Amino acid sequence: MSNTFGGALKLTIFGESHGAAIGAVLDGLAAGHPVDETYIAFQMDKRRARGGGLSTTRTEADKVKILSGVFNGRTTGTPVTLVIENQNTRSGDYAKTAGLARPGHADYTAHVKYAGFEDWRGGGHFSGRITAALTAAGALCQSILAGQGILLATHAARVAGLPDAPYAFDEAALRAQLEAVEKNPGFPVLDEAAGEKMQAAIRAAAAEGDSVGGILETAAVGLPAGLGQPFFDSVESELSHLLFSIPAIKAVEFGAGFGFAEMKGSEANDPLTVENGRVKALTNHCGGVNGGITSGMPLVFRTCVRPTSSIYKQQQTVDLSTNEPATLQIHGRHDPCILHRAAIVQTAATAFGLLDLLTQNGGEQRQAGR
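These notes cover the structure that comes with them. In this text, all values refer to a predicted model and were calculated from it rather than measured experimentally. (Residues numbered from 1 in each chain as written. Predicted model: local features only at pLDDT ≥ 70, side-chain atom pairs only at ≥ 80, totals over all residues. Heavy atoms only, no water.)

Remarks on unusual backbone geometry
At Asn 276, a residue that is not glycine, the phi angle is positive and equals roughly 55°. As for its placement among the helices and strands, Asn 276 is situated in the loop between strand 12 (272-275) and strand 13 (278-281). A residue is classified by how much of its surface remains accessible, and Asn 276, at 80% relative accessible area, is exposed. One non-glycine residue, Asn 323, lies in positive phi territory at about 60°. By the secondary structure assignment, Asn 323 is in the loop between strand 17 (315-319) and strand 18 (324-328). (Helix = DSSP H or I, 4+ residues; strand = E, 2+ residues; numbered from the N terminus. Buried < 20%, exposed > 50% of the residue type's maximum accessible area, 1.4 Å probe, protein only.)

Right, dumping it as structure tokens:
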């Protein structure tokens, strides 16, 4: 099992859903970066479950403890260790159905890979709970990027087939949208009326014991041109690798994505011009990346988030202890949709990936914008 990712900047995650704690280690941050624990707590709160028919009733404070790498409010240049205690576990909910592989979850594949020694409580290390650690680490990276004028945010572009307003092409308008989403502690949409319809659809699915999915869209402005490498270490490669580590994400597209399949070359290409001495594209179908390298245009991509696997409807499965067919009725506390909580997780993963790319492209000096 590999739990470490990154090039010049490395991120390690650890813990289990019902263990004592979860956490992350960031190695490769330059010394001297300000660490705003209030900002980290604000980002963590976006991921926190609030119940109300929209998310699980398992609510936790998710207070981040910094064990190392920070002194007098600034990074020291040594590994930063972030820990979050698990304080509201109910393992008995899972003991009742132990051995019954939950459809859509990693129960069966984990059982095969780890020969039955895996921690099955709440999904163990495969749980979406682990994304809290990723959010904490990403919040620190996000604050460092913001110091260089790089702003990013993720909104719920579509939930249960219902659309939000789209991100703007104009950079000034897009930055304003990103700032609004970034400051929003609630449901991450651009159009509040659309968000109300999405929330109603989530509650309707929950009332039926079911779940819904949707699409998350992330954009970043202020990125310099020239980040990334062709082929194996492209911007798309690094970010996709990180994005697919978030449970329930099953597809990623950059720019026009699958829309390119319906275009001609004359429609798909982004014509170039010069504006105030800077090369700029007149369209952004490529989503800010060409040849695996950032173009200086806004980075734009979308992910598909599958409906939550834990539903309350009876399902057909297998009893792993007997290798016989069985039926499963899940109990416990589960989300009817994880998309609105996953938005900040996607932003966090992206922030880490972009800061890693910046560091690869200029070492620790580039982290400080020098």
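Structural notes on empty space enclosed by the protein
Evaluated as defined, the whole model comprises 3 cavities of 30 Å³ or more. Estimates place the volume of the largest cavity at around 110 Å³. Where the lining of the largest cavity is concerned, the elements lending two or more residues are strand 8 (151-159), helix 5 (171-183) and helix 9 (339-360). Ranked by residues supplied to the lining of the largest cavity, first place goes to helix 9 with 4 residues. Residues belonging to the lining of the largest cavity are distributed by class as follows: 5 nonpolar, 5 polar and 2 charged. (1 Å grid on protein atoms, 1.4 Å probe; cavity = no way out; pocket = protein on both sides within 12 Å on 5 of 7 lines; lining within 4 Å. Points joined across faces, edges and corners; volume = space filled by probe spheres on them. Nonpolar A, V, L, I, M, F, W, Y, C, P; charged D, E, K, R; others polar.)

Points about the sheet that holds strand 10 (residues 214-221)
One open sheet accounts for 5 strands, arranged 9-8-10-16-11; its pairing is antiparallel. The open sheet terminates on both sides in strands that have one partner only, identified here as strand 9 (162-163) and strand 11 (249-254). In this structure, strand 8 lies alongside strand 10, joined through 8 bridges in antiparallel fashion. Pairing of Ala 156 across the sheet is with Leu 216, part of strand 10. Sheet strands touched by helix 5: strand 8 and strand 10. Its angle to strand 8, the strand with the most contacts, is close to 80°. (Pairing = 2+ DSSP bridges. Contact = heavy atoms within 4.5 Å. Axes fitted to C-alpha atoms, helices over the stretch in contact; angles between N-to-C directions.)

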